[in-house]
Amino acid sequence: MEVIFELTRLGATTKVVAIDPETGTEVTIQGPSGMTEAALKRNALNKLHYVLKKKEKDGQSGDSGLYV
């Protein structure tokens, strides 16, 4: 599974975005800036796996169904 990560340091916290390019599913977490990059990515990946499994269970497609 390919995952795109984006890490942005915001003072004492680091924002991590994990994106599954196949479905376009995106999750965001925040953690302390002192945490290792590997740990931050692992937490974001765990959340992404959770969201993808939940969508699969609920029978949702990659998009949210919201259109503007």
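Above this note sits the structure.
These figures come from a predicted structure and were not determined experimentally.

K.L.:
Before we go on, may I ask you to explain the overall build of the protein chain in this structure?
P.N.:
Each helix and strand counted, the protein chain has one helix and three strands in total. Across the 68 residues that make up the protein chain, the buried fraction comes to 24%. Sequence separation of at least 24 residues holds for 30% of the intrachain contacts in the protein chain that already meet a minimum separation of 6. With an accessible surface of roughly 4900 Å², the protein chain has 52% of that area assigned to carbon and sulfur atoms.

K.L.:
Mind showing me how you'd approach the nonpolar core here?
P.N.:
Soluble globular proteins: nonpolar side chains tend toward being buried together. If you look at the biggest cluster of nonpolar residues, it comprises nine residues: Val-3, Val-16, Ala-18, Val-27, Ile-29, Leu-40, Ala-44, Leu-48 and Leu-52. Mapped onto this core, the elements with two or more residues apiece are β2 (13-20), β3 (25-32) and α1 (37-58). Sorting elements by how many residues they give to this core places α1 first, with four residues. Those residues in contact with Val-27, other than ones at most four positions away along the chain, are Val-16, Val-17, Ala-18, Ala-44, Lys-47, Leu-48 and Val-51.

K.L.:
Help me understand the sheet that holds β2, please; the structure alone is not making it clear to me.
P.N.:
Sheet strands associate in pairs through backbone hydrogen bonding, adopting either a parallel or an antiparallel arrangement. Read across the sheet, three strands follow the order β1-β2-β3 without closing on themselves; strand pairing throughout is antiparallel. The open sheet has two free edges, formed respectively by β1 (4-10) and β3, since each of these has just one partner strand. Each neighbouring strand pair of the sheet contributes to a mean axis angle of 20 degrees, computed without reference to strand direction. As paired elements, β2 and β3 share eight bridges and run antiparallel to each other. When the bridges of β3 are listed, Thr-14 appears paired with Gly-31. In the packing of α1 onto the sheet, contacts are made with β1, β2 and β3, and the angle to β3 comes to roughly 145 degrees.

K.L.:
Please clarify how the pairing of β1 should be interpreted in this entry.
P.N.:
Both faces of the sheet carry side chains from a regular strand, because those side chains alternate between them. With seven bridges joining them, β1 and β2 adopt antiparallel strand pairing. Note on β2: the bridge partner recorded for Leu-10 is Thr-13.

K.L.:
In this structure, what is going on with the pairing of β2? I would like to understand it.
P.N.:
Counted between consecutive antiparallel strands, the loop separating β1 from β2 contains two residues, among which Gly-11 sits at a positive phi close to 70 degrees. Taking the residues between adjacent antiparallel strands as the criterion, β2 and β3 are bridged by four residues, where Gly-24 takes a positive phi near 80 degrees.

Calculation notes
- Residues numbered from 1 in each chain as written.
- Predicted model: local features only at pLDDT ≥ 70, side-chain atom pairs only at ≥ 80, totals over all residues.
- Heavy atoms only, no water.
- Helix = DSSP H or I, 4+ residues; strand = E, 2+ residues; numbered from the N terminus.
- Buried < 20%, exposed > 50% of the residue type's maximum accessible area, 1.4 Å probe, protein only.
- Contact = heavy atoms within 4.5 Å.
- Areas by Shrake-Rupley, 256 points an atom, 1.4 Å probe, with all protein chains shown as cover.
- Core = buried A, V, L, I, M, F, W, Y, C linked by side-chain atoms within 4.5 Å.
- Pairing = 2+ DSSP bridges.
- Axes fitted to C-alpha atoms, helices over the stretch in contact; angles between N-to-C directions.

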